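Chain by chain, the residues:
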Amino acid sequence: MITPCEFLMSDSTKKWSKFYISGIIGICVYCILTWISASYYPGSFGPLTDYLSVLGNSNLNPDGAIFYNLGVALTGLTLIPFYIGMYLTYGKPTGSKLISIATVFGFLNCLSIVLSAVFPEDVYELHFIWSLMIFLTWIPVLFLTNSFLFRKSGLVQWTSVYGLALALFDTAFVMYVLLIGTSTGSINEWITIFAFLGWIFLLAIAAIRKQT
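Residues numbered from 1 in each chain as written. Predicted model: local features only at pLDDT ≥ 70, side-chain atom pairs only at ≥ 80, totals over all residues. Heavy atoms only, no water.

A. Region of interest: the overall build of the protein. Within the protein, the secondary structure is distributed over 6 helices and 0 strands. For the protein, the succession of helices and strands along the chain, N to C, is α-α-α-α-α-α. Taken along its principal axes, the extent of the C-alpha atoms in the protein is 60 × 35 × 25 Å. Per-residue burial for the protein yields a buried fraction of 48% across its 212 residues. Intrachain contacts of the protein at a sequence separation of at least 6 include 72% that bridge at least 24 residues. When the accessible surface of the protein is split by element, carbon and sulfur atoms take 74% of a total near 10,300 Å². Each charge class in the protein can be summarised by its mean position, and for the 9 positive and 9 negative side chains these summaries are 28 Å apart. (Helix = DSSP H or I, 4+ residues; strand = E, 2+ residues; numbered from the N terminus. Buried < 20%, exposed > 50% of the residue type's maximum accessible area, 1.4 Å probe, protein only. Contact = heavy atoms within 4.5 Å. Areas by Shrake-Rupley, 256 points an atom, 1.4 Å probe, with all protein chains shown as cover. Lys, Arg positive; Asp, Glu negative; His and termini not counted. Charge placed at Lys NZ, Arg CZ, Asp CG, Glu CD.)

Have a look at this one:
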């Protein structure tokens, strides 16, 4: 038997699922422009040796930096409707404080993403701060959102398990950077970023499936 709360959440998921499409658009934009930027990179480039941010460094990637920085900035902007949709779907109907707080950190995350592109690796100090903020703000977003979604069923619940595992990995990566630095560990950045995009995709697909 469906409870009134579950009915409201199901209805909200259908109503606001269009907001989740922006998340999928953001994933496509980031991946395409990152690939274009990497194709212009004059030297060897790969996850075992290079952080993704070097693609946005105009000194190291003079012809391709604009594509990477544009991709990062646009992704940050497209995630704003995604977080709004997440709040309207799960936070507003249930009054969940977990989702409300996660949404606030989500907006901070979007701001951090955009500013990491405004201040690319050329401006290393500012870029490091805003890049670190991306991964720091992901920690509460992932832990809070997925702790709430874990109580659901189906694809959403499996997505929450994936998200909680990612939250632990992201936390470990942040600790790695703070304790050891960025001279090594680029593969951890790649895994965290693309795994987060995967989480966005799974959550968006779960919402869109509710509409059909």
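There is more to say after this.
B. Structural detail: the packing of helix H2 (residues 65-91) against helix H3 (residues 97-118). Running from N to C, H2 and H3 cross one another at 170°; their axes reach a closest spacing of 8 Å. Compared by their axis directions, H2 and H3 come out roughly antiparallel. When grouped by side-chain class, the residues that make up the contact of H2 with H3 number 17 nonpolar, 8 polar and no charged. (Axes fitted to C-alpha atoms, helices over the stretch in contact; angles between N-to-C directions. Parallel < 35°, antiparallel > 145°, perpendicular 65-115°, else oblique. Nonpolar A, V, L, I, M, F, W, Y, C, P; charged D, E, K, R; others polar.)

C. Here's a closer look at a nonpolar patch on the surface. A cluster of nonpolar side chains, Leu70, Leu74, Leu77, Ile80 and Phe107, forms an exposed patch at the surface whose accessible area comes to about 400 Å². A total of 4 residues in the nonpolar patch trace back to one element, the largest contributor, which is H2. The residue leucine 70 is located in helix H2 in this model. Owing to a relative accessible area of 41%, leucine 70 belongs among the partly exposed residues under this scheme. (Patch = residues over 30% accessible without salt bridge, like charges linked within 9 Å, V, L, I, M, F, W, Y side chains within 5 Å. Salt bridge = Lys/Arg side-chain N within 4 Å of Asp/Glu carboxyl O.)

In short, geometric facts, not functional conclusions.
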